[in-house]
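Structural characterization, general
Listed here are the chains, written in short residue letters.
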Amino acid sequence: KEMNLTGMVRQQLRTRVLKVLEAERRDRDQVRTRAEWERFRDPRIRALAASLGTFPQRTSLSARVTKEFEGHGYRRQDLAYQSRPGIWVTGNLYLPTQSGKSMPGIVIIHSLHRPRWQAELQDMGILWSRLGCAVLIMDQIGYGERLETYPWNREGYHSRYLTGMQLSLVGESLMKWMVWDVMRGVDLLTARPDVNREQIVLLGSVAGGGDPAAVTAALDQRIATVVPFNFGEATPGKGGGKWP
């Protein structure tokens, strides 16, 4: 008990992570110019890509619309697409009543808490489609119509945890699979002739949505703007080096 045997591994990993984060913060604080920023950024993006490994080959999305709804100033398509053969991603695509010739495309990634039908996400889909955007809100792995565990309130937490462990056992990662689903969602939008490929926006919703949004935007040059909203960060805290 005095040696804290049960917490030794966690403490050792925590100490290593804090050292890396402290060193990274010192390097970041030295950045003053764009060239310095790119020298700081590029090796980290390469390391991020290497940590995920090679993505699958792009195959047919086989996208299909299962239902359509006409609202006031917008329309919604309930759809599904294959991010890889046999893996279906469900989502809602919000469009203006009258699509323009070149409108922005927005992908919204939901949080850990709820699937794509969170009220605030649907509000954003309706609002921005009325303003002339194409807005895709998709279900992440294990959520909504992709549920893999229990149909109880907020049980997507379990699905995400269990799926992550299963993928790790075969040398894959949950983050890689989530990011690929989002990239294929971008493919779905950019395949539309009425979506401007230079105006692709990605939003990540709180915990569970912010991290795949950030990783996708770092690795996919088609993303013009990203808002990786989250509730915390993995940087050393003040007064004792604790995470906030």
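As the structure is a computational prediction, the values presented were derived from the model and not from experiment.

**Here we look at the side chain of Arg 75**
Here Arg 75 lies in strand β2 (residues 74-84). Among buried Asp, Glu, Lys and Arg side chains, Arg 75 stands out as unpaired, with Glu 68 the closest opposite charge at 4.7 Å. In this structure the side chain of Arg 75 is engaged in a polar contact, spanning 3.0 Å, whose partner is the backbone oxygen of Pro 96. Each residue touching Arg 75, except ones within four places of it in the same chain, is listed here: Phe 69, Glu 70, Leu 93, Tyr 94, Leu 95, Pro 96, Thr 97, Ser 99 and Arg 192.

**Observations concerning unusual backbone geometry**
In the Ramachandran plot, Ser 62 falls in the positive-phi region, its phi being about 50° despite a non-glycine side chain. Its location among the elements puts Ser 62 in the loop between α2 (34-52) and β1 (64-70). Relative accessible area serves as the criterion here: at 31%, Ser 62 is assigned to the partly exposed category.

**Side note on a nonpolar patch on the surface**
Together, Met 3, Leu 5 and Met 8 line one region of the surface with nonpolar side chains, adding up to about 340 Å² of accessible area. By secondary structure assignment, the location of Leu 5 is in the segment before α1 (8-29). For Leu 5, a relative accessible area of 55% puts it in the exposed group.

**Re the sheet that holds strand β5 (residues 134-138)**
The strands making up a sheet are joined through hydrogen bonds of the backbone, oriented either antiparallel or parallel. Strands sit in the order β1-β2-β3-β5-β4-β6-β7 across an open sheet of seven strands; the sheet is mixed. The two strands at the open ends of the sheet, each matched to only one other strand, are β1 and β7 (225-228). Strand-to-strand twist of the sheet, defined as the mean angle between neighbouring strand axes without regard to direction, takes the value 20°. Pairing analysis gives four bridges linking strand β6 (residues 195-204) to β7, with the strands arranged parallel. Pairing of Leu 202 across the sheet is with Val 226, part of β7. Its contacts with the sheet place helix α3 (residues 119-130) against β2, β3 (87-96), β4 (103-109), β5 and β6, and it is angled at close to 45° to β3. Set on the sheet, helix α5 (residues 174-190) makes contact with β2, β3, β4, β5 and β6; between it and β2 the angle comes to about 125°.

**Side note on the nonpolar core**
Within the largest apolar cluster, 22 residues are counted, with the highest numbers of intra-cluster contacts made by Tyr 81, Val 107, Leu 189 and Leu 202. Elements that contribute at least two residues to this core include exactly β2, β3, β4, β5, α5, β6 and α6 (206-219). The element contributing the most residues to this core is α5, with four residues. Setting aside chain neighbours within four positions, we find Val 107 in contact with Leu 136, Met 138, Val 182, Val 186, Leu 189, Val 201, Leu 202 and Leu 203. Judged by nonpolar contacts, the second largest core, of eleven residues, contains Leu 52, Leu 174, Met 178 and Val 179.

**Let's talk about the packing of aromatic side chains**
Tallying each qualifying case throughout the model produces four aromatic pairs. Each ring, one from Trp 37 and one from Phe 40, has its centre 5.7 Å from the other, and the planes form 35°; the classification is tilted. Of the two residues, Trp 37 and Phe 40 both sit in helix α2, three residues apart, roughly one turn of that helix. The class for Phe 40 is buried, based on a relative accessible area of 11%.

**Thoughts on α3**
In a regular helix each residue adds 1.5 Å, so twelve residues correspond to 16 Å; α3 covers 17 Å between its end C-alpha atoms and thus fits that length. Buried within α3 we find Leu 121, Gln 122, Gly 125, Ile 126 and Ser 129. End-on, the buried residues of α3 take up no more than an arc of 140°, which puts them together on one face. Within α3, the exposed residues directed more than 90 degrees away from the buried face are Ala 119 and Asp 123. Of the surrounding secondary structure, the elements contacted by the buried residues of α3 are β2, β3, β4 and β5. A positive phi of about 100° marks Gly 132, the residue just after α3.

**Let's talk about the packing of α5 against α6**
For any two helices packed against each other, the geometry is given by the interaxial angle and the distance between the axes. Running from amino to carboxyl end, α5 crosses α6 at an angle of 65°, the nearest separation of the two axes being 9 Å. Considered as vectors, α5 and α6 are oriented roughly perpendicular to each other. In this structure, α5 meets α6 at a crossing whose hand is right-handed. Residue-level contacts link Met 175, Met 178, Val 179, Val 182 and Met 183 of α5 to Asp 211, Pro 212, Val 215, Thr 216 and Leu 219 of α6. Looking at the contact of α5 with α6, its residues break down into eight nonpolar, one polar and one charged.

Conventions adopted
Residues numbered from 1 in each chain as written. Predicted model: local features only at pLDDT ≥ 70, side-chain atom pairs only at ≥ 80, totals over all residues. Heavy atoms only, no water. Helix = DSSP H or I, 4+ residues; strand = E, 2+ residues; numbered from the N terminus. Buried < 20%, exposed > 50% of the residue type's maximum accessible area, 1.4 Å probe, protein only. Lys, Arg positive; Asp, Glu negative; His and termini not counted. Salt bridge = Lys/Arg side-chain N within 4 Å of Asp/Glu carboxyl O. Polar contact = N/O pair within 3.5 Å; in protein donor to acceptor, adjacent residues only side chain to side chain. Contact = heavy atoms within 4.5 Å. Patch = residues over 30% accessible without salt bridge, like charges linked within 9 Å, V, L, I, M, F, W, Y side chains within 5 Å. Areas by Shrake-Rupley, 256 points an atom, 1.4 Å probe, with all protein chains shown as cover. Pairing = 2+ DSSP bridges. Axes fitted to C-alpha atoms, helices over the stretch in contact; angles between N-to-C directions. Core = buried A, V, L, I, M, F, W, Y, C linked by side-chain atoms within 4.5 Å. Phe/Tyr/Trp six-rings, centres within 6.5 Å; stacked < 30°, edge-to-face > 60°. Expected span 1.5 Å × (residues − 1). Arc of directions from axis to C-beta. Parallel < 35°, antiparallel > 145°, perpendicular 65-115°, else oblique. Left-handed = near helix turned anticlockwise from the far one by under 90°. Nonpolar A, V, L, I, M, F, W, Y, C, P; charged D, E, K, R; others polar.

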